[in-house]
Protein chains: 2
Amino acid sequence: MKKAIFYHAGCPVCVEAEGMVAQAIDRSKYELEIVHFAQHPDRVVEAETAGVKSVPALLLDSQVFHINFGASMADVKGAA
Amino acid sequence: MKKAIFYHAGCPVCVEAEGMVAQAIDRSKYELEIVHFAQHPDRVVEAETAGVKSVPALLLDSQVFHINFGASMADVKGAA
């Protein structure tokens, strides 16, 4: 099973994208984890190391995809 | 079956995102169509009407998700 991680910060754009990812991703191939930075501020560093520059972002097999634009990681860190 | 349309223009960012979408989307729920604007310039208007502002973009059930940033639609039209 491949790993998919969806990082977000609870912003409206994030919530919309979360719905899309949760619905559309092939669960027979990917194990999906959803990480909300307000609940897991300790995972900001991990996300940045993986290349996440803004949220919402989807990490698939260590490849980062930024989906629309909700907030920058600087904003996320400011809020945390 | 729901409809998913991936719009792109052949840029490197587009190709990377196309691989992700093609791999990760749940084909048991979504019928995926891939539209390359260089091959189908007639579909630019349809995409813009749906809300596509840049490529690559994924349209899922009439909701637009811009994935990373390859090129603006203005660039796409300039190239077409």
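Here goes a summary of the coordinates provided. (Residues numbered from 1 in each chain as written. Chains lettered and ligands numbered in written order. Predicted model: local features only at pLDDT ≥ 70, side-chain atom pairs only at ≥ 80, totals over all residues. Heavy atoms only, no water.)

### As for the overall build of chain A
Here's step 1: A tally of helices and strands in chain A yields three helices and four strands.
Here's step 2: When the helices and strands of chain A are placed in sequence order, the string is β-α-β-α-β-β-α.
Here's step 3: Whereas a compact globule of 80 residues would reach a radius of gyration of roughly 12 Å, chain A reaches 12 Å, a difference of no more than 12%.
Here's step 4: For chain A, the spread of C-alpha atoms along the three principal axes comes to 35 × 25 × 20 Å.
Here's step 5: Evaluated residue by residue, chain A yields a buried proportion of 46% over its 80 residues.
Here's step 6: As displayed, chain A offers around 3800 Å² of accessible surface, 55% of which is attributable to carbon and sulfur atoms.
Here's step 7: When the 7 positive and 10 negative side-chain charges of chain A are each reduced to one mean point, those points stand 5 Å apart. (Helix = DSSP H or I, 4+ residues; strand = E, 2+ residues; numbered from the N terminus. Rg over C-alpha atoms; globule rule 2.2 N^0.38 Å. Buried < 20%, exposed > 50% of the residue type's maximum accessible area, 1.4 Å probe, protein only. Areas by Shrake-Rupley, 256 points an atom, 1.4 Å probe, with all protein chains shown as cover. Lys, Arg positive; Asp, Glu negative; His and termini not counted. Charge placed at Lys NZ, Arg CZ, Asp CG, Glu CD.)

### Things to note about the state of the cysteines
Residues and elements named next belong to chain A.
Here's step 1: Applying the stated criterion across every chain yields a total of two disulfides over all chains.
Here's step 2: Two residues share a disulfide in this structure: C11 and C14, whose sulfurs sit 2.3 Å from each other. Between C11 and C14, the disulfide has an S-S torsion of 70° and is therefore right-handed.
Here's step 3: C14 gets classed as buried once you look at its relative accessible area, which sits at 0%. (Disulfide = S-S within 2.5 Å.)

### Notes on the interface of chain B and chain A
Here's step 1: Tallying the contact residues gives 17 residues for chain B and 18 residues for chain A.
Here's step 2: Carbon and sulfur atoms supply 49% of the area buried between chain B and chain A, which totals about 1500 Å² over both sides.
Here's step 3: Put simply, the parts of the chain that give the side of chain B that touches chain A at least two residues each are α1 (12-24) and β4 (63-72) of chain B.
Here's step 4: A per-element tally of the side of chain B that touches chain A places β4 of chain B first, with six residues.
Here's step 5: Counted by class, the side of chain B that touches chain A contains nine nonpolar, four polar and four charged residues. (Contact = heavy atoms within 4.5 Å. Buried area = accessible area lost by both parts, 1.4 Å probe. Nonpolar A, V, L, I, M, F, W, Y, C, P; charged D, E, K, R; others polar.)

### Overview of the relation of the copies chain B and chain A
Here's step 1: Superposing chain B onto chain A takes a rotation of 180° plus a shift of 0.0 Å along the axis, which leaves an RMSD of 0.0 Å. Considering both components of the superposition, the chain copies are consistent with a two-fold axis. For chain B, the smallest separation between a C-alpha atom and the rotation axis is recorded for D26 of chain B, amounting to 2.0 Å.
Here's step 2: Same-surface contact between copies: 100% of interface residues of chain B are shared with the interface of chain A. (Least-squares fit on C-alpha atoms with pLDDT ≥ 70 in both.)

### Some thoughts on the environment of V64 of chain B
Here's step 1: For V64 of chain B, the position within the fold is in strand β4.
Here's step 2: Contact partners of V64 of chain B, with chain neighbours within four places excluded, come to N68 of chain A together with A50, G51, V52, A57, L58 and L59 of chain B.

### Things to note about unusual backbone geometry
Here's step 1: Omega for the peptide link from V55 of chain A to P56 of chain A comes to -5°, which places this bond in the cis form.
Here's step 2: Inspection of the secondary structure assignment puts P56 of chain A in strand β3 (residues 54-60).
Here's step 3: For D61 of chain B, which is not a glycine, the phi torsion comes out positive at approximately 50°.
Here's step 4: Structurally, D61 of chain B is set in the loop between β3 (54-60) and β4.
Here's step 5: Given the relative accessible area of 44%, D61 of chain B is considered partly exposed.

### Observations concerning the packing of aromatic side chains
Residues and elements named next belong to chain A.
Here's step 1: One pass over the structure, following the stated rule, counts two aromatic pairs over all chains.
Here's step 2: Geometrically, the ring pair formed by Y7 and F37 is stacked, given 5.5 Å between the ring centres and 5° between the ring planes. Linking Y7 in strand β1 (residues 2-8) with F37 in the loop between β2 (30-36) and α2 (44-50), this pair joins segments that are 30 residues apart in sequence. Here Y7 matches F37 in class, with each residue buried. (Phe/Tyr/Trp six-rings, centres within 6.5 Å; stacked < 30°, edge-to-face > 60°.)

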